[in-house]
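Fold and contact review
Spelled out from the first residue to the last, the chains are:
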Amino acid sequence: MLAALAAPPIRQRLANFARIVISVGLLAVLVTGADVQALWRTLQAANVWLYLACIPISTLGMFLRALRWHVTLRASGTRVSFRRAFYLCYVGAFFNTFLPSGLGGDVVRVLEIGPGATSQQATGTILVERMAGFAVLFGLAAVALPFSAAFLPPLTVWLIGALTAGVLGATALLLEGKLLRRVMARLPRAISLAGDTWLGQTYNVITQVGWRVLGIAALISLIFNGSIVFSNWLVTRAFGLDVPLWGVAVVLPIIAATLLVPISISGFGVREGVVVALLLQMGVNAEQGLLLSLAWYGLDVIDGLFGGVIYFVTGLLGLRPQTAEGAGK
């Protein structure tokens, strides 16, 4: 699998190069337009110890993500251990954070799942746990939105509300199953949800997980996303910014939705632009918003570094579990 990542096709290389150019360009626009002295003053005034205190919370979040995925894996009849799920979540964080690959951490999780699950089960359960996370994250935004109306313009509030409704509606449609199958039945068989196609088998995993398991995944997501909101709010306090907790709860899902569009490397530039634009409406200047966005991303980098260490050390020591491909040789 690493060999495939090391030598991507020319089209993929060009796409990755374009993402790098976009990331560097967007960051350059933000940095050159900022007051360097103001950036430095904000950085000097930061409370480093308070920022470091956010790292254990981020680690707890990775544990909760693995637990959420493992719950859905067990419900789909796989034989994947929690230890394996935890390992793969960290590996996925590494690939998401550092490599300019079109695969992404979730695809790496599918490729590395091992003989205890099929690729359809891995893909379906990842989609379920991701949907549960997004639905709860936007649900928190919906709860926070009335409080945010005091410091956000009405148009921004309405746009965030519409996006939240769209995400929750799309999640319900995907999990309901029957309606989407009827709609997709009109498409060519290769991309339909027929039960004997790869997409159909994957969708069966999604719809067969069960509402009880979805409820458990949603509860775990509530704790997980709550910890993310809280740790990111602590980062604002580390920089001495008076951003309310409700404001962070509204901003984070917008960032998450923006990063689904793969036009940059690890969201660089795009994330910073979104954060600066939203926080400007809350009275946070561009320099503070830029540093805050990079500091939030720094927590992801730490998780990614840890995942990279785990991945390469287990490979060097021969401790990495076999993939389904390797087991069959």
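Counting restarts for each chain, with residues numbered from 1 along the sequence as it is written. With the structure being a predicted model, the display of local features is reserved for residues of pLDDT at least 70 and the display and counting of side-chain atom pairs for 80 or more, all residues being used for whole-chain, interface and lining totals. By convention in this description, side-chain values take in all heavy atoms of the structure and omit both hydrogens and water.

1. Some words on the overall build of the protein
Strands are runs of DSSP state E lasting at least 2 residues, helices are runs of H or I lasting at least 4, and numbering of each runs from the N terminus. A count of helical and extended segments in the protein gives 16 helices and 0 strands. In the protein, the share of contacts with a sequence separation of at least 24, taken over all contacts with a separation of at least 6, comes to 73%. Each accessible area value is a Shrake-Rupley result obtained with a 1.4 Å probe; residue values ignore everything except the protein chains displayed when judging cover. Carbon together with sulfur atoms contributes 71% to the accessible area of the protein, which is approximately 16,300 Å² in total. We call two residues in contact when some of their heavy atoms are within 4.5 Å.

2. Topic: a nonpolar patch on the surface
The patch calculation keeps residues exceeding 30% relative accessible area without a salt bridge and links them within 9 Å when they carry like charges or within 5 Å when they are nonpolar (Val, Leu, Ile, Met, Phe, Trp, Tyr). Basic side-chain nitrogens of Lys or Arg form a salt bridge, by our definition, when they fall within 4 Å of a carboxyl oxygen of Asp or Glu. A grouping of Phe-306, Val-309, Val-313, Leu-316 and Leu-317 is seen on the molecular surface, where their side chains present a nonpolar patch of about 520 Å² in accessible area. Looking at where Leu-317 falls in the secondary structure, it is placed in the loop between helix H15 (286–316) and helix H16 (324–327).

3. Focus: the nonpolar core
Val-235, Phe-239, Val-251, Ile-255, Leu-279, Leu-292 and Trp-296 are the most contacted members of the largest nonpolar core, which totals 36 residues. Contributing elements (two or more residues each) for this core: helix H5 (54–75), helix H8 (119–148), helix H9 (154–176), helix H12 (211–238), helix H13 (245–258), helix H14 (270–280) and H15. Per element, the largest residue contribution to this core is 7 residues, and it comes from H13. Residue contacts for Ile-255: discarding those within four places in its chain leaves Arg-271, Val-274, Val-275 and Trp-296. Definition used in this section: a nonpolar core is a set of buried Ala, Val, Leu, Ile, Met, Phe, Trp, Tyr and Cys residues joined via side-chain atoms within 4.5 Å. Each residue gets one of three labels from its accessible area relative to the maximum for its type: buried under 20%, exposed over 50%, partly exposed in between, using a 1.4 Å probe on protein chains only. Core analysis: the next-biggest nonpolar cluster, separate from the first, contains 21 residues, Ala-66, Ala-85, Phe-94 and Phe-95 among them.

4. A few points about H14
Three- or four-residue spacings in an α-helix give side chains the same orientation, since the helix completes a turn every 3.6 residues. Among the 11 residues of H14, 8 are classified as buried, and the element is accordingly described as predominantly covered. Listing the buried residues of H14 in full gives Val-270, Arg-271, Glu-272, Val-274, Val-275, Val-276, Leu-278 and Leu-279.

5. Examining the pattern of salt bridges
Applying the stated criterion to the full structure yields 6 salt bridges. Taking the shortest distance from any N to any O, the salt bridge between Arg-109 and Asp-106 comes out at 2.6 Å. In this pair, Arg-109 and Asp-106 both sit in helix H7 (residues 105–111), 3 residues apart, roughly one turn of the helix. The class of Arg-109 is buried, set by a relative accessible area of 1%. With relative accessibility at 23%, the residue Asp-106 sits in the partly exposed group.

6. Some details on helix H11 (residues 198–208)
The complete set of buried residues in H11 reads Gly-200, Thr-202, Tyr-203, Val-205 and Ile-206. The elements touched by buried residues of H11 are H8, H9 and helix H10 (178–184). Once H11 ends, the next one or two residues include Gly-210, with phi positive near 100 degrees.

7. Structural notes on the packing of H5 against helix H6 (residues 82–98)
Only C-alpha atoms enter the line fits that serve as axes; for helices the fit covers just the stretch in contact. Angles between N-to-C directions range over 0 to 180 degrees. One way to put it is that H5 packs onto H6 with a least axis distance of 8 Å and a crossing angle of 125 degrees. The angle between the axes of H5 and H6 places the two elements in the oblique class. The two elements H5 and H6 cross, and the hand of that crossing is right-handed. Only Phe-82, Ala-85, Phe-86, Leu-88, Cys-89, Tyr-90 and Ala-93 of H6 make contact with H5, whose side of the interface consists of Thr-59, Met-62, Phe-63, Arg-65, Ala-66, Leu-67, Trp-69, His-70 and Leu-73. Class assignment of the residues belonging to the contact of H5 with H6 gives a composition of 13 nonpolar, 2 polar and 1 charged. Relative orientations are named as follows: roughly parallel for angles under 35 degrees, roughly antiparallel for angles over 145 degrees, roughly perpendicular for angles from 65 to 115 degrees, and oblique for any other angle. Should the near helix be turned anticlockwise from the far one by less than a right angle, the crossing is left-handed, and should it be turned clockwise, the crossing is right-handed. Under the grouping applied here, Gly and all other residues not named as nonpolar or charged are polar, the nonpolar ones being Ala, Val, Leu, Ile, Met, Phe, Trp, Tyr, Cys and Pro and the charged ones Asp, Glu, Lys and Arg.

8. Examining the packing of H12 against H15
Contact geometry of H12 with H15 gives a least axis separation of 10 Å together with a crossing angle of 135 degrees. When the axes of H12 and H15 are compared, the pair comes out oblique. The hand of the H12/H15 crossing is right-handed. In this structure, H12 uses Ser-231, Asn-232, Val-235 and Thr-236 to contact H15, whose residues at the interface are Leu-292, Ala-295, Trp-296 and Leu-299. When the residues that make up the contact of H12 with H15 are grouped by side-chain class, the tally is 5 nonpolar, 3 polar and no charged.

9. Considerations on the confidence of the model for the protein
Model confidence for the protein is summarised by a mean pLDDT of 81, while 82% of its residues fall at 70 or above. Predicted confidence is poor over residues 1–7, with pLDDT under 50, and the contacts of this stretch with residues over four places away or in other chains come to 13 contacts. In the model, residues 324–329 has pLDDT below 50 throughout and makes 4 contacts with residues more than four positions away in sequence or in other chains. Per-residue confidence from the prediction method is given by pLDDT, with values spanning 0 to 100.

10. Here we look at the environment of Leu-245
Here Leu-245 is to be found in helix H13. Here the alpha-carbon distance between Leu-245 and Trp-233, two residues 12 residues apart in the chain, equals 6.0 Å. Sequence-distant contacts of Leu-245, that is, excluding residues within four places in its chain, are made with Val-229, Phe-230 and Trp-233.

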